[in-house]
Amino acid sequence: VQLLESGGDLVQPGGSLRLSCAASGFMFSSYVMAWVRQAPGKGLEWVSNIGPDIVTTHYAASVKGRFTISRDNSRNTLFLQMDSLRVEDTAVYYCAKIWGRGDLDYWGQGTLVTVSS
Amino acid sequence: DIQMTQSPSTLSASVGDRVTITCRASQNIEKWLAWYQQKPGRAPKFLIHDASSLQIGVPSRFSGSGSGTEFTLTISSLQPDDFATYYCHQYHDYPRTFGQGTKVEVK
């Protein structure tokens, strides 16, 4: 299993960014996928999940209405569209595969998003 | 939201020590709890799921127990590779939530 995030960058407050996560080594279309973030020097924060059906999504209150999770099962890729970015969104963003009900068995290496003027 | 509280926040220990970390949930999460290990600059590593099931490949010195609102992660004999930060994670309800982390450091 390999998960490879990309798209992290320095962006101004109010800006947008799209993260991608390329998956390989497992049947991507069969699994729930997640984004988890970690602000510098802080703990882990769950951001969003998306079901294999593409339709079922869940979001943390801190990002609901600003972030959109999606996936392309034909390309084995997970996305996170981040709009109206805030300074407090600065973090390393990890994509992760969900093994059972919600446990995260494989994680990518993370991509850094910095929101600053 | 379900709050997850780990204790202690920092734990000083020596190689060979038995180490126990506690995670308390603000409401009943049945068995829906996982533990992860994270080292600086690295992604978290999945250790235990469903409160007590060891992930394949994880050394048997790691064990998890508990149900409902109180859970523990135990390392039976601490090894040099085990100095890291440990997080609990509930997946009973949305939003999913993590404990604040427990750093296991060299005594």
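Rules behind the numbers
Residues numbered from 1 in each chain as written. Chains lettered and ligands numbered in written order. Predicted model: local features only at pLDDT ≥ 70, side-chain atom pairs only at ≥ 80, totals over all residues. Heavy atoms only, no water. Helix = DSSP H or I, 4+ residues; strand = E, 2+ residues; numbered from the N terminus. Rg over C-alpha atoms; globule rule 2.2 N^0.38 Å. Buried < 20%, exposed > 50% of the residue type's maximum accessible area, 1.4 Å probe, protein only. Contact = heavy atoms within 4.5 Å. Buried area = accessible area lost by both parts, 1.4 Å probe. Salt bridge = Lys/Arg side-chain N within 4 Å of Asp/Glu carboxyl O. Pairing = 2+ DSSP bridges. Axes fitted to C-alpha atoms, helices over the stretch in contact; angles between N-to-C directions. Disulfide = S-S within 2.5 Å.

Engineer: Can you walk me through the overall build of chain A in this structure?
Structural biologist: When helices and strands are tallied, chain A shows zero helices and 11 strands. For chain A, the α and β elements follow one another from N to C terminus as β-β-β-β-β-β-β-β-β-β-β. For a compact globule of 117 residues, the expected C-alpha radius of gyration is about 13 Å, and chain A comes in at 13 Å, within 12% of that figure. Burial status across chain A gives 48% buried among its 117 residues.

Engineer: I'm lost on the interface of chain A and chain B in this one. Help?
Structural biologist: For interface size, the figure often reported is the accessible area lost on association. At the junction of the two partners, chain A supplies 18 residues and chain B supplies 19 residues. Of the roughly 1,700 Å² buried at the junction of chain A and chain B (both faces included), carbon and sulfur atoms supply 63%. Contact with chain B buries area across many residues of chain A, yet Leu-44, Trp-46 and Arg-101 of chain A alone supply 38% of it, more than any other trio. Here chain A and chain B share zero salt bridges between them.

Engineer: Help me out: how do you make sense of the side chain of Asp-82 of chain B in this one?
Structural biologist: Residues and elements named next belong to chain B. Along the polypeptide, Asp-82 turns up in the loop between strand 8 (70-75) and strand 9 (85-90). For Asp-82, a relative accessible area of 1% corresponds to the buried category. Contacts of Asp-82, omitting those with residues within four sequence positions, involve Gln-37, Arg-61, Phe-62, Ile-75, Ser-77 and Val-104.

Engineer: Explain the sheet that holds strand 3 (residues 19-25) of chain B here, please?
Structural biologist: Pairing between sheet strands relies on hydrogen bonds along the backbone, with the strands arranged either parallel or antiparallel. Residue and element names in this part refer to chain B. Read across the sheet, four strands follow the order 1-3-8-7 without closing on themselves; strand pairing throughout is antiparallel. Only two strands of the sheet have a single partner each, and these edge strands are strand 1 (4-7) and strand 7 (62-67). Taken pair by pair, the neighbouring strands of this sheet meet at an average axis angle of 15°, ignoring direction. In terms of strand pairing, strand 7 meets strand 8 through six bridges, oriented antiparallel. Looking across to strand 8, one finds that Ser-67 is bridged to Glu-70.

Engineer: Quick question: what am I supposed to make of the sheet that holds strand 7 (residues 67-72) of chain A here?
Structural biologist: All names here are of chain A. On the basis of which strands lie adjacent, the open sheet formed by four strands has the order 1-3-8-7 and antiparallel pairing. Across the chains shown, the open sheet's two edge strands, defined by having one partner strand only, are strand 1 (2-6) and strand 7. Shown here is a sheet whose adjacent strand axes are inclined to one another by a mean of 15°, direction ignored.

Engineer: What exactly am I supposed to notice about the state of the cysteines here?
Structural biologist: Between two cysteines, a covalent bond joining their sulfur atoms is known as a disulfide. On inspection of all chains with the given rule, the structure shows two disulfides over all chains. Cys-21 of chain A shares a disulfide with Cys-95 of chain A; S-S distance 1.9 Å. Remark: Cys-95 of chain A occurs in strand 9 (residues 91-98) and Cys-21 of chain A occurs in strand 3 (residues 17-24); sequence separation between them is 74 residues. Each of the two residues, Cys-21 of chain A as well as Cys-95 of chain A, counts as buried. Between Cys-23 of chain B and Cys-88 of chain B runs a disulfide, and the two sulfur atoms are separated by 2.1 Å. Across the S-S bond of Cys-23 of chain B and Cys-88 of chain B the torsion is about 70°, and the bridge reads as right-handed.

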